[in-house]
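Descriptive structure summary
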Amino acid sequence: MINPNKIYNLDCFDFLSQVVDGSVSLAIIDPPYNMKKADWDTFESQEEFLSFTFKWIDSLLPKLKTNGSLYIFNTPFNSAFILQYLISKKMIFQNWITWDKRDGLGYSKRKYSNGQETILFFTKSDKHIFNYNDIRIPYESTDRIQHASKKGILKNGKRWFPNPQGKFCGDVWHITSERHKRKINGKVQKMGHITPKPLDLVERIIKASSKEGDLVLDCFVGSGTTAVAAKKLGRNFLCSDKDKNYVKLAKKNLKLYGN
Ligand SMILES: C[S@@+](CC[C@H](N)C(=O)[O-])C[C@H]1O[C@@H](n2cnc3c(N)ncnc32)[C@H](O)[C@@H]1O
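Residues numbered from 1 in each chain as written. Predicted model: local features only at pLDDT ≥ 70, side-chain atom pairs only at ≥ 80, totals over all residues. Heavy atoms only, no water.

**What about the sheet that holds strand E10 (residues 236-240)?**
Strand order in the open sheet made by the eight strands is E1-E10-E9-E2-E3-E5-E4-E8, with mixed pairing throughout. Since the sheet does not close on itself, it has two edges, and those belong to strand E1 (7-8) and strand E8 (172-174), each with one partner. The sheet contact formed by strand E2 (residues 24-29) and strand E9 (residues 215-218) spans two bridges and is parallel. Directly across from Ala27, in E9, lies its bridge partner Leu217. Its contacts with the sheet place helix H6 (residues 199-209) against E2, strand E3 (64-74), strand E4 (92-100), strand E5 (116-123) and E8, and it is angled at close to 155° to E2. Docked against the sheet, helix H7 (residues 225-232) engages E1, E2, E9 and E10, running at close to 170° with respect to E10. (Pairing = 2+ DSSP bridges. Helix = DSSP H or I, 4+ residues; strand = E, 2+ residues; numbered from the N terminus. Contact = heavy atoms within 4.5 Å. Axes fitted to C-alpha atoms, helices over the stretch in contact; angles between N-to-C directions.)

Here it is, written out as structure tokens:
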């Protein structure tokens, strides 16, 4: 039996088979991408990769509550296949989020250099939670906003005043990658995990798509980002990873936040 607020060292299929159906409010899934960055990210073929991906999706979907939300990270190319599969499973498409990683770009000389990842946002029904006020972001045109906050701006016959918390959050997220954030004098540093997600990015997802006390699931938790963000924001979490060293690291990261 899987208990909340612990990090398990289990393969995703063993782990998911022990989670109660209909218990999860939010799943944040950052799975292998088949980019051959590590053994766990290497598949014999794209077919084998997709078959693994569709298999964990099949195990995961029954765990979501009827008003639950699902976010899946991947490359834009793989996300095109994952999107089709989720549609075939009657999940409801909400957003194709483009994460602009603000990282050093690669060196492609035959095409544009890759600088983005995709985050697919789906829900199980249209009764999902979406706390748009909790994820507002600062306005960009500060002069105009300063002016508007005093006198307002006339829009369609009504006077509009800017929200002090900022504007609505769009579907293109400009958030610096961990790899880039941790560079020293421009040099990439060795990290405990090769692909940690930024904490602020995962916090945004949790704030938008769950309430305090809700259950957040991540079956590829790596360095523990989802667990740490859930803990910080007063949510419960169900997390696992098949690599015992990553589980150790995740537990260590969680301890820094008092668990
Ligand atoms: C992209 S990383 C996740 C990184 C994480 N979001 C973070 O912020 O650190 C994917 C993780 O999936 C784990 N993994 C790969 N195959 C797995 C499987 N079959 N079951 C459980 N975990 C798996 C890897 O060990 C790796 O830590």
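There is more to say, and it comes next.
**Observations concerning the pattern of salt bridges**
For the coordinates displayed, the defined rule picks out 13 salt bridges. Close ionic contact of Asp103 with Arg179 constitutes a salt bridge, the shortest N to O distance being 3.0 Å. With Asp103 in the loop between E4 and E5 and Arg179 in helix H5 (residues 178-181), this pair connects stretches of sequence that are 76 residues apart. Overall, the relative accessible area of 17% leaves Asp103 in the buried class. Among the residues examined, Arg179 registers a relative accessible area of 34% and is labelled partly exposed. The closest approach of N and O atoms between Glu140 and Lys167, which form a salt bridge, is 3.3 Å. (Salt bridge = Lys/Arg side-chain N within 4 Å of Asp/Glu carboxyl O. Buried < 20%, exposed > 50% of the residue type's maximum accessible area, 1.4 Å probe, protein only.)

**Some words on the nonpolar core**
Formed by 32 residues in total, the largest nonpolar core has its most connected members in Phe15, Ile29, Trp56, Leu70, Leu86 and Leu217. Within the residue set of this core, elements represented by two or more residues are helix H1 (12-17), E2, helix H2 (46-60), E3, helix H3 (76-88), E5 and E9. Per-element tally for this core: the top contributor is H2, with six residues. Setting aside anything within four residues of it in sequence, one finds Trp56 in contact with Cys12, Phe13, Leu16, Ile29, Pro31, Ile72 and Phe220. Residues Phe121, Leu233, Phe237 and Leu254 belong to the second largest nonpolar core, which totals 30 residues. (Core = buried A, V, L, I, M, F, W, Y, C linked by side-chain atoms within 4.5 Å.)

**Examining helix H8 (residues 244-255)**
Every α-helix winds through 3.6 residues per turn, so residues three or four apart in the chain are directed the same way. Relative to the 16 Å expected for twelve residues at 1.5 Å per residue, H8 spans 17 Å between its end C-alpha atoms, a close match to the ideal helical length. Residues of H8 that are buried include every one of Tyr246, Val247, Leu249, Ala250 and Leu254, and no others. In an axial view of H8, the angular spread of the buried residues amounts to 160°, which keeps them on one side of the axis. The exposed set on the far side of H8, more than 90 degrees from its buried face, consists of Lys244, Lys248, Lys252 and Lys255. (Expected span 1.5 Å × (residues − 1). Arc of directions from axis to C-beta.)

**Regarding the domain arrangement of the protein chain**
Split into domains, the protein chain comes out as domain 1 (7-129 + 171-255) and domain 2 (134-169). Contacts between the two partners involve five residues from domain 1 and, on the opposite side, four residues from domain 2. Summed over both partners, the interface of domain 1 with domain 2 comes to about 370 Å²; 68% of that surface belongs to carbon and sulfur atoms. When residues of domain 1 are sorted by the area they lose upon contact with domain 2, Arg204, Lys207 and Ala208 head the list and together hold 79% of the total. Between the two partners, domain 1 and domain 2, sit zero salt bridges. For the pair domain 1 and domain 2, the number of links is zero residue pairs in polar contact (both at pLDDT 80 or more). For the side of domain 1 that touches domain 2, the per-class residue count stands at two nonpolar, no polar and three charged. (Domains from an automatic or database assignment. Buried area = accessible area lost by both parts, 1.4 Å probe. Polar contact = N/O pair within 3.5 Å; in protein donor to acceptor, adjacent residues only side chain to side chain. Nonpolar A, V, L, I, M, F, W, Y, C, P; charged D, E, K, R; others polar.)

**A few points about the site of the ligand**
Near the ligand, the surroundings consist of 22 residues, among which Cys12, Asp30, Ser223, Thr225 and Asp241 are the closest. Between the ligand and Lys197 there is a distance of 2.9 Å, counted from an oxygen atom to a backbone nitrogen or oxygen. Relative to its unbound accessible area of 600 Å², the ligand is 97% covered by the protein chains. By residue class, the composition of the shell around the ligand is eleven nonpolar, five polar and six charged. (Near = heavy atom within 4 Å. Areas by Shrake-Rupley, 256 points an atom, 1.4 Å probe, with all protein chains shown as cover.)

**Some details on the pairing of E3**
Along any regular strand the residues' side chains alternate between the sheet's two faces. Burial analysis of E3 places eight of its eleven residues in the buried class, which makes it a mostly covered element. In this structure, E2 lies alongside E3, joined through five bridges in parallel fashion. Across the sheet, the residue bridging to Val24 is Leu64, located in E3. With H2 bridging E2 and its parallel neighbour E3, the resulting β-α-β unit is right-handed. (Right-handed = clockwise from strand over helix to strand, strands pointing away.)

**Focus on a nonpolar patch on the surface**
Together, Phe130, Tyr132 and Phe168 give the surface a local cluster of nonpolar side chains, amounting to about 310 Å² of exposed area. Inspection of the secondary structure puts Tyr132 in the loop between E5 and helix H4 (142-151). On the accessibility criterion, Tyr132 (39% relative accessible area) is partly exposed. (Patch = residues over 30% accessible without salt bridge, like charges linked within 9 Å, V, L, I, M, F, W, Y side chains within 5 Å.)

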